[in-house]
Amino acid sequence: MSVTAGSDTPARETDVHKLDRVVIRFAGDSGDGMQLTGDRFTSEAAAFGNDLATLPNFPAEIRAPQGTLPGVSSFQLHFADYDILTPGDRPDVLVAMNPAALKSNIGDLPHGGILIVNTDEFTKRNLAKVGYEANPLEDGSLAPYQVHQVAMATLTKGALEETGLSKKDAERAKNMFALGLLSWMYHRPTEGTERFLREKFGKKPDIAEANILAFRAGWNYGETTESFAVTYEVAPAKLPPGTYRQITGNTALAYGIVAAGQRAQLPVLVGTYPITPASDILHELAKHKNFGVTTFQAEDEIAGIGAALGASFGGALGVTSTSGPGVALKSETIGLAVMTELPLIVIDVQRGGPSTGLPTKTEQADLLQAMFGRNGEAPVPIVAPCSPGDAFDIALEAVRIALTYRTPVLLLSDGSIANGSEPWLIPDVATLPDLKPTFASEPNAPDGSGEFWPYLRDPETLARPWAVPGTPGLQHRIGGLEKAEGKGNISYDPDNHDRMVRLRQAKIDGIRVPDVVVDDPTADARVLVVGWGSTFGAIGAACRRVRAQGMRIAHAHLRHLNPFPRNLGSVLRSYDRVLVPELNLGQLAMLLRSKYLVDAVSYTKVAGLPFKAEELQSVFTDFLKGADAQ
Amino acid sequence: MTAVDLGLPTLGGLDGVPTTEERQTAKDYTSDQEVRWCPGCGDYAVLAAVRSFLPALGLRRENIVFISGIGCSSRFPYYMNTYGMHSIHGRAPAIATGLATTRPDLSVWVVTGDGDALSIGGNHLMHALRRNVNLKILLFNNRIYGLTKGQYSPTSETGKITKSTPMGSLDFPFNPVSLALGAEATFVARALDSDRKQLTEVLRAAAEHRGTALVEIYQNCPIFNDGAFDVLKEPGERERRIIPLRHGEPVRFGPDGEYGVVRDGDTGGLRVAKVAEVGEDAVIVHDANAEDPSLAFALSRLGAQDLDPTVTGVFRSVSRPTYDDLARAQVQQAVEARPGDLQALLRGSDTWTVAG
């Protein structure tokens, strides 16, 4: 073959269709490298300048039995020439590497959609394994789709024949063949992937070359065979000017913690126990010791947060990261941080629950745990990012609150933000907030006794002084027992306890947070949709679609869940109806109803998957019709 | 990077902690809080020993921190005029680990009890020991739950009648020294609340050890387990039962050193023998610095739940890099190799630009 991959446009004359957006889903066995394939295509789309959003979906088992339905791993990405908000509802293109992947994903492919199938895996045995009685490639059941049957494994092995690799090793590169083919179809740049493969397999140059050969073979297959008559172009998106990179939520969150440590001029101690889907935050932070970040992989969740709190007591920025089950274990220490009034960041990357639940799937069902999951009156501020990139900003915001108000802060991310990715406008470090805290250095007793009172509060913030060990003359003892206001000695006095409980509550209630901004383009909507966290994209996209049909709808998205923005009550009251879509059974709705006495209506889903824009569009449309009928 | 090739200088437990020329007394370490343990509680003796031995270390008081869990002994920090945290049940070693890792200029002490350290906090204790964080853990062992009013503890002797075990406790107890040695501890000692001299010696050795030092202190609870250690205090019985360990010396005890500890050919362990019968050369010489913990472990196995005999002193004191020193060295190494450039980190390697 004389054509080399990497040219910007295919040399063969094909019909080039211009599209504004495309959703591609790669699906295969969990050993087929679908996450890597999707990730690379994402990087290519990002490098090309498309806006994009991704949704990885993989089993909790590291290697479920090969070729089975539970072993299917998929990666969906949505790229467009405009600013998109979600990873897409349904794929326009489905790449199915085996019968299991076909069976579990074909239901999502709309009729007329493109299906690219790796035929090599469609053996009798593999078909039987997933319950296909007849071969769907032959029985006509795929007639509604544009099917491309490609013997990817055979073609890959053929392309690698001269490399001397074993057939088994050669076949493993078939995911790169698929990537090459898709890259050709969508006119993607290829240099990045080749460079990436050389770096990834730097220590195994033969494997790197094999993957590059397979990638090029996929490209060339599209180029030279006549089976693909059409290729597609998706122009770069018109995003706000600046320099962009692609980022996942977990990476953005980790960067936010690094940045917060720098802006606060504090060493960071991350005390953490591995847990899906939060472990990548630990992995990322472990790479950045050169920013004064110490990562401590503890013996359990409790020790992780304990070490973080100990570090905070010593004047460092203590951070712990986990998922819902871990928060349950950390609850008592969060209560201790409430009582000792020390800064602490608790990151909860929510997953399907209860108990072990669905470790690799997403859910928003820890809101009430974050809000109330402790003994006694133990208020804790809660913030939540609304997209992968926003996880960076929300980490800085969590640290601002923790340091200003001397309190633990719960940061609620979730599985879809953690592993999802999007283009991120790289912030200018100089514009990041100054988070430098003030430490106590002098005795502060108002009675002139020269004593240090650890529970004498700042009249504005109600925060107590942060006096770290090593400061002469400020020796004091804190702990979980109730303390006397001001002096901070143990106190069982009823009036003091009543007052301290109310002071701790007032401190959290009084935290200054930005007003919520309502997206109501026509400014005359009567229905308001309120969401929080990762549903931002799906709600926003659904609102756009509803508005495109001439209806009016407003959207408010909460990044601060405790305390709520000050203007939230008046915002809620200024609409006739309020709808709250959540990936739980109505936890935010419950809080809004109890706090604001507003008749908020819940729309809930707990399927381990994000909302689809299409689904919400229909929910919103019905809700608007219902509101009109009233 | 392995744990051993860092070339770290050999440090003492207090290196890096600022000192003072100011003359200190026990009073300087006494807070203004009224001590509220029961009259006759063994905790008073330990508190007095700690307050009076600390001045000799010559440290700045503000650089000493006591962290405790929950239980009677865990009120300890309130009575010390240092920094302190009375935390939650069992978690003090974890909290102290975070503090010690970020603050090499502090002398960090953990005060805990048999329930706090060995029941609810067993996991943290064992991991602190194997990591060898620069912490000193004072384990007050009264073989009972005091603060919850008298339930059996993980060190209570089998068959103990308590409120929660009216027909006798069923579980086999922990031997804290054996447990610590099994958990890779680098410093393990045992002392009695009533023996101020030995307690002070052991505390001093613990303070100067770089790494996790576990000191088990037999402590009397006059309310719920009174007299648990009386046999170790009665004249006559005391000499017959207590085997005090001294590094480099033959392990002998009893009136005029009548008894000695010798190797037991049958079990491979140790046993007590009359020196006159076995000869002086058969008596083992205590080597607390031995890398191999076998002999220290065998010593910890002498004496059972009935305290007959009871080995006290420093069982083991060996040098091994501490977790906190290693963690700080990694950070320092990373900073020196490539100081953090936040803008470069955020930018990463794959970027694209959208023109305005």
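The rules behind each value
Residues numbered from 1 in each chain as written. Chains lettered and ligands numbered in written order. Predicted model: local features only at pLDDT ≥ 70, side-chain atom pairs only at ≥ 80, totals over all residues. Heavy atoms only, no water. Contact = heavy atoms within 4.5 Å. Buried area = accessible area lost by both parts, 1.4 Å probe. Salt bridge = Lys/Arg side-chain N within 4 Å of Asp/Glu carboxyl O. Polar contact = N/O pair within 3.5 Å; in protein donor to acceptor, adjacent residues only side chain to side chain. Helix = DSSP H or I, 4+ residues; strand = E, 2+ residues; numbered from the N terminus. Core = buried A, V, L, I, M, F, W, Y, C linked by side-chain atoms within 4.5 Å. Buried < 20%, exposed > 50% of the residue type's maximum accessible area, 1.4 Å probe, protein only. UniProt positions renumbered as here; feature names shortened; annotations may be inferred. Expected span 1.5 Å × (residues − 1).

1. Describing the interface of chain A and chain B
Logical step 1: In this complex, chain A contributes 70 residues to the contact, which on the side of chain B involves 58 residues.
Logical step 2: Both faces considered, chain A and chain B share a buried interface measuring about 5,200 Å² in area, 62% of it formed by carbon and sulfur atoms.
Logical step 3: Between the two partners, chain A and chain B, sit 2 salt bridges.
Logical step 4: For the salt bridge of Asp-350 of chain B with Arg-195 of chain A, the shortest nitrogen-to-oxygen distance reads 3.3 Å.
Logical step 5: Counting across the chain A and chain B interface gives 28 residue pairs in polar contact (both at pLDDT 80 or more).
Logical step 6: Among the secondary structure elements, those contributing two or more residues to the side of chain A that touches chain B are helix H1 (34–48), strand E9 (242–248), helix H9 (249–264), strand E11 (293–297), helix H11 (301–313), helix H12 (324–340), strand E16 (421–425) and strand E17 (477–479) of chain A.
Logical step 7: Considering each element in turn, the side of chain A that touches chain B owes the most residues, 7 residues, to H11 of chain A.

2. Here we look at the nonpolar core
All names here are of chain A.
Logical step 1: The biggest cluster of nonpolar side chains holds 148 residues, and the ones touching the most others in it are Ile-345, Leu-588 and Leu-592.
Logical step 2: By residue number, the principal contributor to this core is helix H14 (residues 390–405), which donates 11 residues.
Logical step 3: Discounting chain neighbours no more than four positions away, the residues touching Leu-588 are Leu-367, Val-530, Gly-531, Trp-532, Leu-558, Leu-561, Phe-564, Val-580 and Glu-582.
Logical step 4: In terms of nonpolar packing, the next biggest core, distinct from the first, is built from 49 residues, Trp-184, Leu-197, Tyr-221 and Phe-228 among them.

3. Considering the UniProt feature "domain: Thiamine pyrophosphate enzyme TPP-binding" (unreviewed entry) in chain B
Logical step 1: The sites that carry the UniProt feature "domain: Thiamine pyrophosphate enzyme TPP-binding" (unreviewed entry) are, in the present numbering, residues 70–217 of chain B.
Logical step 2: Secondary structure across residues 70–217 of chain B divides into 32% helix and 20% strand, with the first and last C-alpha atoms of the span separated by 17 Å.

4. Some remarks on H9 of chain A
All names here are of chain A.
Logical step 1: With 16 residues, H9 ought to run about 22 Å at 1.5 Å a step, and its terminal C-alpha atoms sit 22 Å apart, in line with that.
Logical step 2: Most of H9 sits out of view: 14 of its 16 residues are buried.
Logical step 3: Once H9 finishes, Gln-265 follows within two positions and takes phi at roughly 55 degrees, a positive value.

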